[in-house]
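Here's the letter readout for the chains.
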Amino acid sequence: AQSVTQPDIHITVSEGASLELRCNYSYGATPYLFWYVQSPGQGLQLLLKYFSGDTLVQGIKGFEAEFKRSQSSFNLRKPSVHWSDAAEYFCAVAPRGAGSYQLTFGKGTKLSVIP
Amino acid sequence: KAGVTQTPRYLIKTRGQQVTLSCSPISGHRSVSWYQQTPGQGLQFLFEYFSETQRNKGNFPGRFSGRQFSNSRSEMNVSTLELGDSALYLCASSSSGGTGELFFGEGSRLTVL
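Basis of the calculations
Residues numbered from 1 in each chain as written. Chains lettered and ligands numbered in written order. Predicted model: local features only at pLDDT ≥ 70, side-chain atom pairs only at ≥ 80, totals over all residues. Heavy atoms only, no water. Pairing = 2+ DSSP bridges. Helix = DSSP H or I, 4+ residues; strand = E, 2+ residues; numbered from the N terminus. Axes fitted to C-alpha atoms, helices over the stretch in contact; angles between N-to-C directions. Contact = heavy atoms within 4.5 Å. Polar contact = N/O pair within 3.5 Å; in protein donor to acceptor, adjacent residues only side chain to side chain. 1 Å grid on protein atoms, 1.4 Å probe; cavity = no way out; pocket = protein on both sides within 12 Å on 5 of 7 lines; lining within 4 Å. Points joined across faces, edges and corners; volume = space filled by probe spheres on them. Nonpolar A, V, L, I, M, F, W, Y, C, P; charged D, E, K, R; others polar. Buried < 20%, exposed > 50% of the residue type's maximum accessible area, 1.4 Å probe, protein only.

Residue and element names in this part refer to chain B. Overall, antiparallel pairing links the 4 strands, which are arranged β1-β3-β8-β7 in an open sheet. Strand pairing shows two members of the sheet lacking a second neighbour, β1 (5-7) and β7 (64-68), which therefore form its edges. Across this sheet, the average inter-strand angle for adjacent strands is 15°, counted without regard to direction.

To continue, consider the environment of Lys61 of chain A. Residue and element names in this part refer to chain A. Turning to its location among the elements, Lys61 is positioned in the loop between β7 (56-58) and β8 (64-68). For Lys61 and Lys78, which are 17 residues apart along the polypeptide, the C-alpha to C-alpha distance reads 8.9 Å. Setting aside residues up to four positions removed in sequence, Lys61 forms contacts with Gln45, Leu47 and Lys78. A distance of 3.2 Å separates a polar atom in the side chain of Lys61 from a polar atom in the side chain of Gln45.

Moving on to empty space enclosed by the protein. Residues and elements named next belong to chain A. Enumeration according to the criterion identifies 1 cavity of 30 Å³ or more in this entry. Surrounding the largest cavity, Val37, Ser39, Lys61, Ser84, Asp85, Ala87 and Tyr89 form its lining. Taken together, the residues of the lining of the largest cavity sort by class into 3 nonpolar, 2 polar and 2 charged.

One number sums up the size of the largest pocket: a volume of about 400 Å³. Lining the largest pocket are 20 residues, and of these Gln38, Glu88 and Phe90 of chain A together with Gln37 and Pro39 of chain B lie nearest its centre. The set of elements that each furnish at least two residues to the lining of the largest pocket consists of β10 (87-94) and β12 (109-114) of chain A together with β4 (31-38) and β9 (87-94) of chain B. Broken down by element, the lining of the largest pocket gets its largest block of residues, 3 residues, from β10 of chain A. Residue composition of the lining of the largest pocket, by class: 7 nonpolar, 9 polar and 4 charged.

Below, the discussion takes up the side chain of Glu75 of chain B. Residue and element names in this part refer to chain B. For Glu75, the location among the structural elements is in strand β8 (residues 74-78). Judged by relative accessible area, which is 16%, Glu75 ranks as buried. Within the structure, the side chain of Glu75 is placed 3.4 Å from the side chain of Arg73, a separation counted as a polar contact. In contact with Glu75, other than residues within four places in its own chain, are Thr20, Leu21, Ser22, Trp34, Ser65, Gly66, Arg67 and Phe69.

On their own, these measurements won't tell you what the molecule is for.
See below:
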């Protein structure tokens, strides 16, 4: 069965520091890959997605992620964290093909930012 | 363009009761998915509807059901509520492209006492 692992439950960084959130997946074939962010009391917002092509994808709010097929990973990065980035981040996968609306999510990584 | 709208945002029920949650997707989106979010289990897929037909269903008991109307609005129902059904229920809509890009509402937070 497919699975998504986010090994870090909680990460704390200082404002201005760089950030990397890890995501590994287990899947039969390379799925569609996503990162979502959830602020307290809110729904999920899509940060970025990987379907094919360039393995480094750019997203909103200055985030980027790199797909590494050999490591089955899709890590999220940001060069300089802002206090407003404090939230919970979810990695997700979906099977390729038409009608791929069933996402499998990781357990999430909660990001705290120290001013 | 209005986002995904879920109602009610908060509700409290007692064990044994039933609840109906509503979701209005983004205009033009024909797919609506439902997810349950709990601290212990995280985000879990409930079901997905497209053009009034359920296309996929997650691993949940039959007490959880849903439907979609001709205007793409969707409802989900949970009957005979249990304490463990307390969760944030998230609705997401998507265009018919089938690439898995979902747009989520803010959720309906259900508390079962």
